[in-house]
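These are the residues of each chain, in order.
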Amino acid sequence: MVDVLETDVLVIGGGAAGTNAVLKAADRGAKVTMVVKGLLGKSGCSIFAAFTPYFQKTDEEIRRNRWRFMIRYYNHYLADQEYCARMEDYMCTEFYPDLERLGVYWRRDAEGRLEMVQARTRSLVAHKQGATGPILMDKRRREIFRRGIPVYEECAVTSLLTNGERVVGATVLDYRRGRFFVIHAKNTILATGHSDYLATRATGTREQSADGIAMAVRTGAELANLEIQWWHVSDVLEPKSWMRYHLYPNPLMGTLETSRLYNSQGEMFYEQKTHSPGAAAPYTEQLRRLALEVAAGRARWDGGYHSGYDHIRAETINTYQHQAKVWSKLGLDVGKDRIECGITWHMRHGGLNVNAERMETSLPGLYAAGGVGCHYLGGFGPASFDGKVAGEAAADDALASGRKPFSQEAVAVEEKRVFGFLRAGSDGPRPIQAKLRIRQIMWDLGYVKNERNMQAALAALQAVREETVPRLRLQSTTRNWNTGWMDALDACAMLDACEATVRSGLNRKESRGPFYREDYPYVDNENWMCRNIVKRMNGEWQSRTQPIQAPYLPPEKSREPFFEADY
Amino acid sequence: MSPSLKQTTEPDKVRLRIYRFDPAIDRAPRYDSYEVPHTPRMRIMDALDYVHETLAVDFGYRWLCGSKKCGTCAVNVNGSPKLACWEEAQPEMTIEPMDNMTVIRDLVTSRDPYEAFLAKLQPLVIRKREYSGFPEPLTEADVASAVHLRDCIQCLACQSVCPVLQQPDSGFAGPALLVALSELSQDPRDEGDRAKMAAKEAQVFKCVSCYECERVCPVEIPIVGEAIEPLKRLAYREKSTPGARRAGAFLDSVKKLGYVNPSEVALKTQGITWNGLRLAFRMALRGKIRLTDALFKRPSPGAETIKTTYDAGESR
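Numbers given for residues are sequential positions, taken from 1 along each chain in its written order. Each chain is given a letter, starting from A, and each ligand a number, starting from 1, according to the order in which they appear as written. The predicted nature of this model means local features are confined to residues of pLDDT at least 70 and side-chain atom pairs, given and counted, to a pLDDT of 80 or more, with totals for whole chains, interfaces and linings taken over all residues. In computing side-chain values, all of the structure's heavy atoms are included and hydrogens and water are not.

1. Some details on the overall build of chain A
For step 1, the next point in the chain: Starting at the N terminus, helices and strands are each numbered in turn, a helix being any DSSP run of H or I of at least four residues and a strand any DSSP run of E of at least two. A tally of regular secondary structure across chain A gives 16 helices and 23 strands.
For step 2, the next point in the chain: Relative to its length of 567 residues, chain A is compact, with a C-alpha radius of gyration of 23 Å against a globular reference of 24 Å.
For step 3, the next point in the chain: Reported as C-alpha extents along the three principal axes, the dimensions of chain A are approximately 65 × 55 × 50 Å.
For step 4, the next point in the chain: For every residue, the accessible area (1.4 Å probe, protein chains only) is compared with the maximum for its type, and the residue is labelled buried under 20%, exposed over 50%, or partly exposed between those bounds. Each of the 567 residues in chain A was classed as buried or not, and the buried ones make up 69%.
For step 5, the next point in the chain: A 1.4 Å probe and the Shrake-Rupley method give the accessible areas. Residues count as covered only by the protein chains that appear here. For chain A, the accessible area works out to roughly 17,900 Å², and carbon and sulfur atoms hold 47% of it.
For step 6, the next point in the chain: Once the 75 positive and 69 negative side-chain charges of chain A are each reduced to a mean point, those two points are 3 Å apart. Radius of gyration: C-alpha atoms only; globule rule: 2.2 Å multiplied by the number of residues to the exponent 0.38. Positive charges come from Lys and Arg alone, negative charges from Asp and Glu alone, with His and the N- and C-terminal ends not counted. A charge is said to be at NZ when it belongs to Lys, at CZ for Arg, at CG for Asp and at CD for Glu.

Next comes the structure, spelled out in structure tokens:
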């Protein structure tokens with residue numbers, strides 16, 4: 001018999017969304033329990049927040065630019081615009097006070113004025129640009145511990161439990177000790193983020209194997225726009241572990257300049273002010289420009305091109321940029337030297353199909369907050385807003401309703417699945433090899449997609465599922481931090497998430513933002529400004545679309561060639 | 001200007017000896033050896049990843065961000081703690097868990113004692129006045145003294161080398177916790193009794209200023225000078241604790257006499273105790289101290305100069 005812990009609200013994930021969900025649900029008086037696969041406030045992508053956007057309603061021009069940024073450049077017209085209006089209110093009134101009350105210091109000048117990234121929009125930094133995330137998360141972590149909220153760290157949620165109608169909790173594996181238990185909840189909030197380590201080069205952190213997406217697939221939840229997958233262009237090539245160091249192509253603090261990209265001939269092929277003066281988030285533009293360089297043989301996806309800040313005063317970079325230390329550690333001069341880069345699979349626009357007014361998913365009892373949803377790309381501020389909305393909605397509902405039983409049989413089946421991987425031997429592949437293979441498949445699929453290469457990726461994933469996974473063998477059956485055991489569970493999650501992503505890509509018959517299909521090389525706002533939804537029911541994949549409204553900022557063109565669009 | 005990839009003489013191979021120990025199964029630790037190809041600009045973590053990934057070895061190690069933000073990958077490399085994602089791979093590396101920590105498996109250690117101690121220090125700004133709303137009045141100068149302390153990523157390398165923490169049940173917080181406490185004590189918004197916390201909960205006077213913590217800090221925080229010394233100055237007022245009394249007596253003795261008078265320091269720290277008297281008597285018998293010094297304290301010839309220097313320093 002496995003242990004069962006009772007709670008009103010279960011929050012899965014310890015980033016910006018999860019931490020705020022926990023705090024806001026607790027504020028409402030609900031009993032809250034948190035499970036974090038890594039360490040609270042130290043894992044996941046929230047610690048990568050370079051800065052936080054400063055929303056102001058008072059300056060009309062800046063506000064207009066902010067909206068263009070949110071809708072056009074950051075979300076490619078796939079954001080929920082009514083959500084954006086509510087989130088803007090939150091950012092103007094609550095986000096900063098909540099964190100400053102806990103002691104966050106946003107950088108000011110000698111006279112006490114807030115220092116800002118002075119671009120079309122405004123952003124603030126805590127400490128330095130690139131070091132903001134760890135500081136904000138550290139305060140949230142301390143606050144959650146201060147309140148004595150139960151947090152299960154280094155515990156992986158392996159499945160969502162249902163009673164046939166609603167989600168009523170989850171099964172959890174504490175991988176430090178190999179303890180398997182159930183958290184029985186009235187409501188469950190999924191906050192597992194938008195950044196996963198699913199390709200050979202990726203920004204996702206070690207533990208991020210898209211468990212949230214995978215569990216949603218297995219439970220039959222609807223997922224939308226999974227294929228809108230950001231790749232970052234200006235990420236460090238070597239050493240490999242530093243692929244998560246991103247040389248910001250977006251506005252920097254202390255200067256109006258941005259980083260530049262140079263091809264293998266040393267020719268500059270991208271900088272924001274020259275090549276996409278209107279774009280506030282130049283990532284998709286960088287990708288398109290790099291694609292042209294790769295096609296012309298002047299760069300590769302994994303190297304052969306450089307980025308740097310050598311046209312900017314070194315003192316400015318050293319004063320405001322956390323990334324400046326990359327140069328000094330490599331013995332390079334930030335004012336002179338450039339660094340070779342490669343692309344990384346960075347973050348996912350899509351996720352669980354949510355009603356963004358309450359962050360409810362298509363499954364009763366299951367909420368989604370932050371980047372794991374489909375209504376907005378993510379980011380520290382918006383994810384915090386989602387956490388508040390989901391936390392309050394889930395808490396209020398839980399306090400007003402009774403507890404529904406979970407299926408003991410489902411727990412037994414899941415326990416058997418999880419412990420089924422705990423078999424040692426040398427007569428089969430190691431789980432890490434399955435993970436590496438999946439990452440390679442997604443890397444090979446890469447940025448330039450078409451019907452053929454997506455079908456090939458699907459077939460390759462299927463081969464891993466059918467031929468590799470059943471034969472997996474571990475080196476040890478220890479239950480103490482068994483890396484191989486975790487890898488096996490991760491590989492299964494990655495397979496489900498990647499399959500859903502590729503299927504979703506096959507359904508979208510256009511190109512948009514960071515999603516490029518050679519066979520449909522145009523942006524089609526007439527037919528595809530929608531949620532492109534997939535779900536798996538009883539092993540069968542289903543799909544549908546749901547139009548997206550544009551009450552505040554409609555697209556300017558209904559259709560345009562992909563390489564002519566600037567978003 | 002040509003794109004530059006700095007050419008350095010990098011070795012062809014990296015040899016690793018990795019500490020393996022599973023407390024649930026193994027009676028004693030062992031070391032497994034691996035040889036991996038060196039890759040450009042290779043970090044320690046890249047070598048560990050190669051063993052895990054390409055050689056498919058399931059040893060336990062912890063890392064999350066790979067980019068010096070999470071502070072979870074610190075391990076001992078050839079006897080000294082290093083942040084694996086940050087430091088260069090060496091041609092020969094013996095990799096072990098950090099010292100002063102409980103091993104969960106192989107290189108993974110428990111962070112729980114650190115978190116539990118941190119919670120005791122109430123590690124968030126303590127406000128007695130109501131928060132005035134964003135942005136609250138602050139300037140860069142108000143928080144400048146703690147600027148380096150904000151770099152701390154809690155990798156615990158400093159805790160692992162602290163000689164005081166090597167003493168069982170020392171009660172000492174250790175450098176990482178003192179960095180956290182010191183940052184709060186230097187925050188003009190904080191109204192917590194940090195002096196008391198530093199003296200009582202954190203026992204800051206147990207720090208022997210050996211600078212080992214600074215030597216190993218991957219983010220190069222001047223831990224002694226900018227975190228611990230300011231805390232000691234603050235806690236010095238907490239005369240209810242022996243640490244603060246000892247520090248005060250030490251200072252008074254030097255100021256007054258120009259040298260440290262041990263009996264005076266002992267008397268002021270502990271008062272008159274049976275054990276103290278016995279010890280003093282035995283030390284006097286063996287010629288370690290002169291009882292006359294305890295009774296007739298004579299200033300050293302340069303005492304006046306020393307006092308002037310102190311006073312000048314304190315008034316600054």
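2. Regarding the sheet that holds strand β5 (residues 92–96) of chain B
Residue and element names in this part refer to chain B.
For step 1, the next point in the chain: Pairing is mixed across the open sheet formed by five strands, whose spatial order is β2-β1-β5-β3-β4. With one partner strand each, in any of the chains shown, β2 (30–37) and β4 (80–83) form the two edges of the open sheet. Ignoring which end each strand starts from, the neighbouring axes of this sheet average 35° apart.
For step 2, the next point in the chain: Pairing geometry for strand β3 (residues 74–77) and β5, over two bridges, is antiparallel. Each residue of the ladder has a partner; that of Val77, found in β5, is Ile95.
For step 3, the next point in the chain: The contact criterion used throughout is that any non-hydrogen atoms of two residues lie within 4.5 Å. Between N-to-C directions, angles cover 0 to 180 degrees, with each direction set by a line fitted to C-alpha atoms, over the stretch in contact for helices. Helix-sheet contacts for helix α1 (residues 44–53) involve β1 (13–20), β2, β3, β4 and β5, and the interaxial angle to β1 is about 75°. Note on pairing: two strands pair once DSSP finds at least 2 bridges between them.

3. Looking at the interface of chain A and chain B
For step 1, the next point in the chain: At the interface, 77 residues of chain A touch 65 residues of chain B.
For step 2, the next point in the chain: In total, about 6,200 Å² of surface goes out of reach between chain A and chain B, with carbon and sulfur atoms giving 55% of it.
For step 3, the next point in the chain: By definition here, a salt bridge exists when the distance from a side-chain nitrogen of Lys or Arg to a carboxyl oxygen of Asp or Glu is within 4 Å. Taken together, the connections running from chain A to chain B amount to five salt bridges.
For step 4, the next point in the chain: With a closest N to O distance of 2.8 Å, A:Lys329 and B:Glu87 form a salt bridge.
For step 5, the next point in the chain: Here a polar contact means two N or O atoms within 3.5 Å. Within protein one must be a hydrogen donor candidate and the other an acceptor candidate, and residues neighboring in sequence count only if both atoms are side-chain atoms. Put simply, chain A and chain B have 33 residue pairs in polar contact (both at pLDDT 80 or more) between them.
For step 6, the next point in the chain: Every element with two or more residues in the side of chain A that touches chain B is listed here: α4 (95–101), α5 (132–146), α10 (324–329), α13 (431–445) and α15 (483–507) of chain A.
For step 7, the next point in the chain: Sorting elements by how many residues they give to the side of chain A that touches chain B places α5(A) first, with nine residues.
For step 8, the next point in the chain: In this classification, Asp, Glu, Lys and Arg are treated as charged, Ala, Val, Leu, Ile, Met, Phe, Trp, Tyr, Cys and Pro as nonpolar, and every other residue, Gly included, as polar. A class-by-class count of the residues in the side of chain A that touches chain B yields 26 nonpolar, 21 polar and 30 charged. Buried area is a sum: the accessible area each of two parts loses on coming together, probed at 1.4 Å, counted once for each and added.

4. Quick notes on α15(A)
All names here are of chain A.
For step 1, the next point in the chain: If you check α15, its first and last C-alpha atoms are 36 Å apart, about what 25 residues at 1.5 Å a residue would give, namely 36 Å.
For step 2, the next point in the chain: Judged by how many residues are buried, α15 sits mostly within the fold: 23 of 25 residues are covered.
For step 3, the next point in the chain: Capping the start of α15 is the job of one residue whose side-chain oxygen sits 3.1 Å from the backbone nitrogen of Gly484: Asn482. Every helix has an expected span of 1.5 Å times one less than the residues it contains.

5. Some details on the layout of surface pockets
For step 1, the next point in the chain: Grid points spaced at 1 Å over the protein atoms alone were grouped into cavities, where a 1.4 Å probe fits but cannot get out, and pockets, open sets with protein on both sides within 12 Å along at least five of seven lines, with lining residues defined by an atom within 4 Å of a point. Grid points are joined across faces, edges and corners, and a volume is the space filled by probe spheres set on the points. The volume enclosed by the largest pocket comes to roughly 850 Å³.
For step 2, the next point in the chain: If you go around the largest pocket, you meet 46 residues; those closest to its centre are A:His127, A:His322, B:Arg150, B:Asp151 and B:Cys152.
For step 3, the next point in the chain: Those elements that place two or more of their residues in the lining of the largest pocket are α5 and α10 of chain A together with α5 (175–185) of chain B.
For step 4, the next point in the chain: Looking at which element gives the most residues to the lining of the largest pocket, the answer is α5(A), with six residues.

6. Details of the packing of helix α1 (residues 16–27) of chain A against α5(A)
Packed helix pairs are characterised by how far apart their axes lie and by the angle those axes make with each other.
All names here are of chain A.
For step 1, the next point in the chain: Axis separation between α1 and α5 bottoms out at 10 Å; the angle between their running directions is 30°. Accordingly, the angle class assigned to the pair α1 and α5 is roughly parallel. Both α1 and α5 take part in a crossing whose hand is left-handed. In contact with Ala16, Thr19, Asn20, Val22 and Leu23 of α1, α5 contributes Met137, Arg140, Glu143 and Ile144.
For step 2, the next point in the chain: Tallied by class, residues from the contact of α1 with α5 come to five nonpolar, two polar and two charged. An angle counts as roughly parallel when it lies under 35 degrees, as roughly antiparallel when it exceeds 145, as roughly perpendicular when it falls between 65 and 115, and as oblique in every other case. Here a crossing is called left-handed whenever its near helix is offset anticlockwise from the far helix by less than a right angle, and right-handed whenever the offset is clockwise.

Read these as layout, nothing more, since geometry by itself doesn't imply function.
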